[in-house]
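# Structural overview for review
Chain residues, written in single-letter form:
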Amino acid sequence: MAKKLGFGLMRLPEKGTEIDEEQVNQMVDLFMERGFTYFDTAWMYCNFRSEEATKKALVERHPRDSYTLATKLHSGFIQTKEDRDKVFNEQLRKTGAGFFDYYLVHDVNSHSIEVYDRLDVWGWIKEKKEAGLIREMGFSFHDGPELLDRVLTEHPEMEFVQLQLNYLDWNSTGIQSRKCYEVATKHGKPVTVMEPVKGGTLAAVPEAVEKLFKEYAPEASIPSWAIRFAASLPNVRMVLSGMSTLAQVDDNTSYMQELVPLNDEEMKRIWKAVAIINGAIEIPCTGCSYCVDGCPMQIPIPNYFALYNAEKQEVESKGWTPQQEYYANLAKEHGKAGDCIQCGQCEGICPQHLPIIEDLTKVAALFE
């Protein structure tokens, strides 16, 4: 059985303005020496340089049967049906891999799916598999469980799903990791996990959380709690970690060589950690949704508040964060935070007595 840790080639180390090829070579070699084989890249990673870096560090230096490689087709770079092959053929050239073990329709959401449907990317990816250029086809997903259920119902030929999943987003009203995981499981699709450490956010936890973890396992790194949480889920086949230093590869591979699922005490500490982290959030909404039913602008207030809080929890060094995208997905079918007419019905019914009107202006300022 393959080890559950995958090398995400999204945040590779740099030397000046160039990718640090020497360190990437060392990282790839250590990863493989310890028995790990799964590498994940994409068209736009590392400012469009990741696939070529993969060729230099992996494809040109290791036998093709010693690793598996995943890459992706993103809706933002295709306007015509011809563009699908243009990107795919360029990916084959840039990686030199000959074929892709895993190929993903990238970032399926309520906006991108219109492009994928219009250009019949679903039929196209199936043709690539039949031609032997793809071994397994799937998609990555940033949206809610309802859309995921629809996509898997309409496209049962998709073989796996890549989801944002971590202990902080597990019960989040905005990200809904648990509900999406449950939908994939219901459809019998194995899950590949992205963002298990939320791009470093769960590596830089509050001091109280660090103490909570270190009391129980002094030698375990803080990120190991997040990665083991994701890997402990029965329907998770692979957990991707976007590693950017040799030390991160060393740490991750050390405890993932022989994965020990989280025990009951560790799970209790995980949920205590979530409570501590969420206890410091800016908008203490409990997600009861009493405010939603009577809103004349149909604003999904708790969802927006959850996304706002999640955005504020991110580490500044992360760069891209998914919350803006989730906000745009919701705003397509519902009112935006900035559409609030300040009627006050939400504040009149809120059991937490939150200043919802004022908080919605914060959300609008951040996301709009």
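These remarks concern the structure in this document. Everything quoted here is computed from the prediction, not taken from an experiment. (Residues numbered from 1 in each chain as written. Predicted model: local features only at pLDDT ≥ 70, side-chain atom pairs only at ≥ 80, totals over all residues. Heavy atoms only, no water.)

## Considering the pairing of strand β10 (residues 236-241)
Within β10, five of the six residues are buried, leaving the element largely enclosed by the surrounding structure. The pairing of strand β1 (residues 5-8) with β10 spans three bridges and is classified as parallel. Residue pairing in the sheet places G6 in a bridge with L240 of β10. Bridge count between strand β9 (residues 191-194) and β10: three bridges; the pairing is parallel. (Buried < 20%, exposed > 50% of the residue type's maximum accessible area, 1.4 Å probe, protein only. Helix = DSSP H or I, 4+ residues; strand = E, 2+ residues; numbered from the N terminus. Pairing = 2+ DSSP bridges.)

## Things to note about the pairing of β1
Side chains of β1 alternate between two faces, with L5 and F7 and G6 and G8 buried alike. Bridge count between β1 and strand β4 (residues 38-40): three bridges; the pairing is parallel. Residue pairing for β4: G6 is matched across the bridge by Y38.

## Regarding the pattern of salt bridges
Tallied over the full model, the rule gives 24 salt bridges. Residues E52 and R93 are paired through a salt bridge, measuring 3.8 Å at the closest nitrogen-oxygen approach. Here the residue E52 occupies a position in helix α3 (residues 50-59), and R93 occupies one in helix α4 (residues 81-95), the gap between them amounting to 41 residues. With a closest N to O distance of 3.8 Å, E314 and K198 form a salt bridge. Here E314 is found in the loop between α13 (301-313) and α14 (323-333), whereas its partner K198 is found in the loop between β9 and α9 (207-216), with 116 residues between them in sequence. Because the salt bridges share partners, they merge into one network encompassing E52, E90 and R93. (Salt bridge = Lys/Arg side-chain N within 4 Å of Asp/Glu carboxyl O.)

These results come straight from atomic positions and should not be treated as a statement about function.
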